[in-house]
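Spelled out, the chains give:
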Amino acid sequence: MNNRLNNKRGSITVLLLLFLSTFLLVIIIFAEAAAVKAARTYSDGVLDLAGRSILSEYDRNLKDDYGIFGIITDKDTVEQKMRYYAKESFRRNNGVMNFFHMSVNEIKADLSPYALTNLDLLEEQIIDYMKFRITVEGLNALALLDKLPVLNRWSEIETENKDDGELIKREPRTLKNKKVIKRLPSYELGDNREEFILLPNLDGLSNITGNGLYLNLYLLKKFRHRLDSPEWQDTFFVNEVEYILFGSFSDESNYKRTKMTLTALRTGINTAHIYSDTSKRKAVITAATLLTPGPEAAATQIALAGAWATAEAINDVKRLEKGGKVPLIKTEDDWVISLDHVLEEIIEPAVEDPDSEKGLSYENYLFLLLCMTDREKKLVGIMNLIQLNMKGNYYEDFLMSRCYSGVDYQCILERKNGRILPPGLRLGQFKASHVY
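Residues numbered from 1 in each chain as written. Predicted model: local features only at pLDDT ≥ 70, side-chain atom pairs only at ≥ 80, totals over all residues. Heavy atoms only, no water.

Some words on the overall build of the protein
Part 1 of the argument: Broken down by element type, the protein carries 15 helices and seven strands.
Part 2 of the argument: In the protein, which comprises 436 residues, the proportion classed as buried is 43%.
Part 3 of the argument: Across the protein, every contact between residues at least 6 apart in sequence was considered, and the portion connecting residues at least 24 apart equals 77%.
Part 4 of the argument: Roughly 23500 Å² of accessible area belongs to the protein as shown, and the carbon and sulfur atoms make up 55% of that amount. (Helix = DSSP H or I, 4+ residues; strand = E, 2+ residues; numbered from the N terminus. Buried < 20%, exposed > 50% of the residue type's maximum accessible area, 1.4 Å probe, protein only. Contact = heavy atoms within 4.5 Å. Areas by Shrake-Rupley, 256 points an atom, 1.4 Å probe, with all protein chains shown as cover.)

Re helix α11 (residues 278-291)
Part 1 of the argument: For α11, built from 14 residues, the straight-helix expectation of 20 Å at 1.5 Å per residue is met to within 8% by its first-to-last C-alpha distance of 20 Å.
Part 2 of the argument: Inspection of α11 places K280, V284, A287 and A288 among the buried residues, and these make up the whole buried set. Seen end-on, α11 carries its buried residues on one side only, within an arc spanning 100°. Those residues of α11 that are exposed and angled more than 90 degrees off the buried face are K282 and L290.
Part 3 of the argument: The elements touched by buried residues of α11 are α10 (251-276), α12 (297-321) and α13 (339-343). (Expected span 1.5 Å × (residues − 1). Arc of directions from axis to C-beta.)

So, the side chain of S248
Part 1 of the argument: Within the secondary structure layout, S248 lies in the loop between α9 (240-246) and α10.
Part 2 of the argument: When its relative accessible area of 5% is taken as the criterion, S248 is described as buried.
Part 3 of the argument: Side chain to side chain, S248 and S253 meet in a polar contact 3.5 Å long. (Polar contact = N/O pair within 3.5 Å; in protein donor to acceptor, adjacent residues only side chain to side chain.)

Quick notes on the packing of helix α8 (residues 210-222) against helix α14 (residues 362-371)
Part 1 of the argument: Close contact between α8 and α14 brings their axes to 10 Å; oriented N to C, the two are set at 140°. Comparing their axes, α14 and α8 come out oblique. In this structure, α8 meets α14 at a crossing whose hand is right-handed. Contacts between α8 and α14 involve L213, N216, L217, L219 and L220 from the first element and E363, L366, F367, L370 and C371 from the second. (Axes fitted to C-alpha atoms, helices over the stretch in contact; angles between N-to-C directions. Parallel < 35°, antiparallel > 145°, perpendicular 65-115°, else oblique. Left-handed = near helix turned anticlockwise from the far one by under 90°.)

A short note on the confidence of the model for the protein
Part 1 of the argument: Residue-level pLDDT values for the protein average 80, and 75% of them are 70 or greater.
Part 2 of the argument: Confidence, read as mean pLDDT per element, is least for strand β3 (residues 159-160) in the protein (38) and greatest for strand β5 (residues 403-404) (96).
Part 3 of the argument: This stretch, residues 136-142, has a pLDDT under 50; its non-local contacts, to residues over four places away or in other chains, come to five contacts.
Part 4 of the argument: Low pLDDT (under 50) marks residues 149-167, which in the prediction has 43 contacts with non-local residues, meaning those over four places away or in another chain. (pLDDT = per-residue confidence, 0-100.)

Looking at the pairing of strand β6 (residues 406-415)
Regular strands place side chains that alternate from one sheet face to the opposite one.
Part 1 of the argument: In terms of residue burial, β6 counts as a mostly covered element, since eight of its ten residues are buried.
Part 2 of the argument: Judged from the eight bridges that link them, strand β2 (residues 102-110) and β6 form a sheet pairing that is antiparallel. Each residue of the ladder has a partner; that of S103, found in β6, is E414. (Pairing = 2+ DSSP bridges.)

What about the packing of α8 against helix α15 (residues 375-393)?
Part 1 of the argument: Two elements in contact, α8 and α15, have axes separated by 11 Å at closest approach and are oriented at 30°. One way to sum up the angle between α8 and α15 is to call them roughly parallel. Every pair of crossing elements has a handedness; the one defined by α8 and α15 is left-handed. Seen from α8, the contacting residues are L215, N216, Y218 and L219; seen from α15, they are K378, L379 and I382.
Part 2 of the argument: The residue inventory of the contact of α8 with α15, partitioned by class, reads five nonpolar, one polar and one charged. (Nonpolar A, V, L, I, M, F, W, Y, C, P; charged D, E, K, R; others polar.)

Details of the nonpolar core
Inside soluble globular proteins, nonpolar side chains tend to come together where they are buried.
Part 1 of the argument: Ranked by size, the top nonpolar core spans 58 residues in total, and within it Y218, F223, I382 and I386 carry the most contacts.
Part 2 of the argument: Every element with two or more residues in this core is listed here: α2 (60-66), α4 (119-131), α8, α9, α10, α12, α14 and α15.
Part 3 of the argument: Excluding residues that lie within four positions of it along the chain, I382 makes contacts with L122, I126, L215, Y218, L219, F223 and I244.
Part 4 of the argument: By size, the runner-up hydrophobic cluster in this structure holds 22 residues, among which are I54, F90, Y404 and Y409. (Core = buried A, V, L, I, M, F, W, Y, C linked by side-chain atoms within 4.5 Å.)

Dropping the structure here:
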C-alpha cells in the first residue's frame, strides 16, 4: 500500500517537473524573443545614430558658400566610421549592465547613388536651398520681368580700396592648367564642349517659372558676373555667369560672346520695334526708295532696318556695360539712334538720357539668357565653378566627384549572449539609407 502511494507521489512529482520545465522553457523562449526584438530595436537606433553622425560631418565651406550639403569622403572611410560609431555604442562600460552584447560582423556602404555629380541630386539641393530664400507664388513671366531689378546686388562697377583709396578691379582670367581642366566634373561626365550659341534656344523660356526659375536665381545669387563688385575676390573666374552661358575657359572670350548674344538679341527686338512703329517704318521706306529706286528698294529696306536696329543694339549694350538699363520692349521715347546717323555711318556712344533708370540691367539680361540656356549645361557649369573655387579657397585636392549627399549601408550584427539560439539565428542583417 505504501509502495503504491510512493509510486503515485513520484509520478506526480515527475509530471510537475515536466510541466515546470516546459513552463520555464516557454518563459525562456518568450524572454529570448523579447530580447531579440529589443536587440534589433536597439541596434536600429545605434546604426541610425551612426548614419546621422556620418551626415553631420558635411563640409561647412560647401554649405556656407553654396548652400549645398555634402560629405567629402569615400566608401572605405564611411565603413570605418560606421564600424567605429557602432562599436563604441555597443561597448560595455564599467558599472553599466549590457543586456545584448552586440558586436559588428560586417559593414558595407554604398555612396554611388548620392554623388553630387548627379545632376538631379544637385538640382534638388539647389531648389531646396532657394525655396527658403525667395517666394515666387503668383508671379508669371511678365510680372517677373518687372520685379527683376530688385535682384541687382551692386550698382557700382568699381569700389574704393579702404587702405590706399585706389580703385581696384580684377583682371580677366584664363584657365590653362590641363591637369585641373581634365579633373573638372564636365570632363568626368563627358561634357567637355565649349559651345557658342549666338541666339539661345527660345524653348528654354519655360525656365522662367518653377524649378528653372529657382535655378536661374541661384546662379545670379551665388556666382559673379562682369559688373559685380570687384571686392568679390574669392572666385577663379571674373565672369562666372558668362562662363555658365558659353563655357569657355577664358573670361574675355565668354564676355565677348555675351556681348555678341546681347547685341543679336537686342537687334531682333529693335527690328520688331522699327516695323511696328509707323514713323520709323515710313522713314526706312523713304530712305530705301531714295537710295535704290525700283524693285531693289525692298531689299534696301531690309538692310536699312537691320543696320538701324543693330546700331541701336550696339548702343543698348554700351549702356548696359556702364551699369545703365535698357527696356526690353522700347517705346518712341526710349529710342536713341536716328536713321540719319546710320546713313552717315555714325553710331552715337551710350547716352545718359532722363529715362536711363527705366528698363532691365545687365544682370537682368543675363537672367533672360539663363532662361534660354539648357538645364544640363547650367548644372555642369555650376559643378565646374564650385570645384574651381573650393580648390582655390579651401582644399587643393577638392573634387565634386568625392562629394556625396547620402549613404546606403548594410550591416550584419551578432548577439553574443544569445546562447539558446543556434549561431545562424544570433545574426541580424540591417539595411538603411541616410540622405540630406
